[in-house]
2 protein chains.
Amino acid sequence: MIAQDSLKEALRKNKLKSETFRNLEYLRFTDDFKDIPRGTALFKDMVIWGYPHIGRIFQLSTGIPEQFSAPFWVEEKVDGYNVRVFMHKGEIYALTRGGYVCAFTTDRVPDFVDPTFFEDNPDLVLCMEVAGPENPYVEESPPHVKEDVKFFLFDIMRKNHQGFLPYREKLRLIEKYNLPSVERYGLYTPERIEELKALLRRLNEEKREGVVLKEDSERDKRVKYITSYANLNDIRITSLNMLGLPADYYTNRLLRLALFIEEEGVEKTQELFRELGEAFLSGLFQACKMAREEGKVHRVFRCRFRKRENALIFMEQMKHASVHIQVNQLSLRQEGEFWLLEFEKVFLNMTGLLGHILRGGSLID
Amino acid sequence: MIAQDSLKEALRKNKLKSETFRNLEYLRFTDDFKDIPRGTALFKDMVIWGYPHIGRIFQLSTGIPEQFSAPFWVEEKVDGYNVRVFMHKGEIYALTRGGYVCAFTTDRVPDFVDPTFFEDNPDLVLCMEVAGPENPYVEESPPHVKEDVKFFLFDIMRKNHQGFLPYREKLRLIEKYNLPSVERYGLYTPERIEELKALLRRLNEEKREGVVLKEDSERDKRVKYITSYANLNDIRITSLNMLGLPADYYTNRLLRLALFIEEEGVEKTQELFRELGEAFLSGLFQACKMAREEGKVHRVFRCRFRKRENALIFMEQMKHASVHIQVNQLSLRQEGEFWLLEFEKVFLNMTGLLGHILRGGSLID
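From a predicted model like this one, the values you see are computed outputs, not experimental measurements.

What counts and what doesn't
- All chains use their own residue numbering, which begins from 1 and follows the written sequence.
- All chains are assigned letters beginning at A, and all ligands numbers beginning at 1, according to the order in which they are written.
- Local features in this predicted model are restricted to residues of pLDDT 70 or higher, and side-chain atom pairs are both shown and tallied only at a pLDDT of 80 or more, whereas totals for entire chains, interfaces and linings draw on every residue.
- No hydrogens and no water enter the side-chain calculation; it runs on all heavy atoms of the structure.
- Lines are fitted to the C-alpha atoms to define the axes, a helix being fitted only along its stretch in contact, and any angle between axes, read from their N-to-C directions, falls within 0 to 180 degrees.
- Only runs of H or I of at least four residues qualify as helices and only runs of E of at least two qualify as strands under DSSP, and these elements are numbered from the N terminus.
- Between 65 and 115 degrees an angle is taken as roughly perpendicular, under 35 as roughly parallel, over 145 as roughly antiparallel, and anywhere else as oblique.
- In a left-handed crossing the near helix is turned counterclockwise from the far helix by less than a right angle, and in a right-handed crossing that turn is clockwise.
- Only heavy atoms matter for contacts: two residues are in contact if any of them lie within 4.5 Å across the pair.
- All residues other than Ala, Val, Leu, Ile, Met, Phe, Trp, Tyr, Cys, Pro, Asp, Glu, Lys and Arg, Gly among them, are scored as polar; the first ten of these are nonpolar and the last four charged.
- In this description, buried area is defined as the sum, over both parts, of the accessible area (probe of 1.4 Å) that is lost when the two are combined.
- Criterion for a salt bridge: a side-chain nitrogen of Lys or Arg within 4 Å of a carboxyl oxygen of Asp or Glu.
- Polar contact criterion, stated in full: a pair of N or O atoms within 3.5 Å, where within protein one must be able to donate a hydrogen and the other to accept it, and residues adjacent in sequence count only if both atoms are side-chain atoms.
- For the purposes of this section, nonpolar cores are sets of buried Ala, Val, Leu, Ile, Met, Phe, Trp, Tyr and Cys residues that join through side-chain atoms within 4.5 Å.
- Only protein chains enter the accessibility calculation, which uses a 1.4 Å probe; a residue whose area is less than 20% of its type maximum is buried, one above 50% is exposed, and one in between is partly exposed.
- Two strands are counted as paired when DSSP detects at least two bridges linking them.

Draft legend 1. Layout of the packing of helix H7 (residues 228–238) of chain A against helix H8 (residues 248–264) of chain A. Residues and elements named next belong to chain A. One can describe the packing of H7 onto H8 by two numbers: an axis separation of 9 Å at closest approach and a directional angle of 150°. With respect to each other, H7 and H8 are oriented roughly antiparallel. Once H7 is placed against H8, the crossing between them reads as left-handed. Contacts between H7 and H8 involve Ser228, Asn231, Leu232, Asp234, Ile235 and Thr238 from the former and Tyr249, Tyr250, Arg253, Arg256, Leu257 and Phe260 from the latter. Class assignment for the residues of the contact of H7 with H8 results in six nonpolar, three polar and three charged.

Draft legend 2. Quick peek at the interface of chain B and chain A. In this assembly, 52 residues from chain B lie in contact with 53 residues from chain A. A combined buried area of about 4,500 Å² lies between chain B and chain A, and 71% of that area is made up of carbon and sulfur atoms. Linking chain B with chain A are two salt bridges. Of the charged contacts in the structure, one is a salt bridge between B:Arg292 and A:Glu262, with a shortest N-O distance of 2.6 Å. On inspection of chain B and its partner chain A, the count reaches 14 residue pairs in polar contact (both at pLDDT 80 or more). Elements with a minimum of two residues in the side of chain B that touches chain A: strand E5 (55–56), helix H2 (60–67), helix H8 (248–264), helix H9 (269–294), helix H11 (348–358) and strand E17 (362–363) of chain B. No other element matches the 14 residues that H9(B) contributes to the side of chain B that touches chain A. Partitioned by chemical class, the residues of the side of chain B that touches chain A number 28 nonpolar, 14 polar and 10 charged.

Draft legend 3. Fine view of the nonpolar core. Among the nonpolar cores identified, the biggest contains 97 residues, and A:Leu196, A:Phe280, B:Leu196 and B:Phe280 are the most heavily contacted of them. Sequence-distant contacts of B:Phe280, that is, excluding residues within four places in its chain, are made with A:Leu254, A:Leu276, A:Phe280, B:Ile235, B:Ser239, B:Met242, B:Tyr250 and B:Leu254.

Draft legend 4. Examining the sheet that holds strand E14 (residues 298–305) of chain A more closely. Residues and elements named next belong to chain A. Here we have three strands laid out as an open sheet, ordered E14-E16-E15, and antiparallel in their pairing. The sheet terminates laterally at E14 and strand E15 (325–335), the two strands that pair on one side only. Between one strand and the next, the sheet's axes are offset by a mean angle of 20°, whatever the strand orientation. Both E15 and strand E16 (residues 338–347) contribute to a ladder of 10 bridges, which runs antiparallel. Bridge pairing links Ser331 to Glu342 in E16. Its contacts with the sheet put helix H3 (residues 103–112) on E14 and E16, and the angle it makes with E14 is roughly 40°.

Structure representation (structure tokens):
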């Protein structure tokens, strides 16, 4: 558990905030605080620890021998958002990375996770990626999810504990409860780098995000490695809202791209240059067009709920949590067995700046 | 003059620093402070005001009618560094934009400015751009300066006064003293936007930086506009040291490029995409290569001095003023009528980060 003194200090420093979801009251850490990761959530009688940061390597040939001294498991890194799913007083909830109980994810968990799992294992927490074209947070989506969303398990935690269940224990539970999991590529030794590189080339061609590597050892050391496709795609997807992101979002991805190519010696460099330039500029052109024609830079999201009430709660959550973004509900209607919610995010920084510039305004920089 | 209270407050807040050049002692504002621009320099009996910020417009068709209500003078914006040149107790000095007396610029002024100007006009300050392949600060250089540096006058100030002499007065002094000036394209009316756009297209093809527009009116309103060539070139030149710059350096230039193309409808967009991608990645590839082969990311500068002593003072100034950059003198030798100084700037952020990554290190971001 967390010492009372730390909690008081965190509250005073505004790192710990009180939240409510329906009748459930809890506290969440809005930032890393001392050794407590952001997104750690405190309920009356237990703590769900935040999902820890995972270090990134930029080149496999040097990164693998430097990071690992034992064989490591290789798993797909799915491009979605990270949640922690658990049962509390008979109800199943899903926490976002930031530690909010998410009304959308919570609504949809039962479609993907057999509740028997939590009835049998009430103290376990499933760490999952939610991904797909109809998710409300991330504009990207893996190619293998064609509609709606899917849930992908990658780790299991225990309530009140940091760290994860051993890998083989996770495998046993996945099998026993038929849990949906990220793709697993097996155990690699540090000597099998060429095979791993070949795997990454395939994932890159298949437009997947990358891999997480987990050492098969007591210390459970992890690192991640991202494909050049994913880096380019991040730029392509976000350039519409370039001013809404920390500017080093782009310099980081440029560096990763350069190091990927430096290692791989990608042949068709001219084509890659073209793709990179287009990734940056096409979103900006679209933003200019929107600002000129519609007076706002925005993107429409759509997602499916089981319960209408959850969609309404979700809209309130989004409006409450968004900074520099205005969230507008567009429609909510029943379609088959779902309630289909459509909403838009208006990117206020882009809208404001492009409006000023296109009206002929000047800027001092 | 500046109120004593302001000076004390600025000193206390570390916005005002004491400097020495040979026997000359002075204070300089290291940042904008209240209404005092960064680079304002205080000498015992007078103030040289800092050169003010000039707003930037991103599109001519809307920017010109929005910004100007009278005809405006159009001048080339030269890609170099901004200095203020003046005489003090019989000696001529040059201040950088940041308010340092620069040993290099001061050394070279007499090659380009007739000292008679200052003997006749001891209270005037020449605002000039210094540009060329052998300048010690800026890695870019205008195409029309083939070697060494040149000085280009664009404004004249008075000691102890903010603001500039009237444009026609400047023209008279340029003519009378044969002062080297930026190219001047004459007086435009806000109705002549198409002509101005044609001028900018020509400057873009000639690989020039852009223009400064100065309203022919009491208020002397100014704005600047930069060619797409210059934006691309900024990215190309600096990507070697991408982590040494504020990350919004790049997002700003991307936005300018997009707005330039949005207005001009540049045809060969595919080629522009390719150029942009290459501008970002070629410098990063070069940085990786340097980090791998030489253990450091660096760039060599060379410049010509009249006096050996000034080169030595300049090296001390550079070492003193550089942050995140290590400055190493490589050579100083006589060549014809000049002392040729060669030095390198080692970019410590890039060197450190790439070294870590290429050794297989991981990063949390």
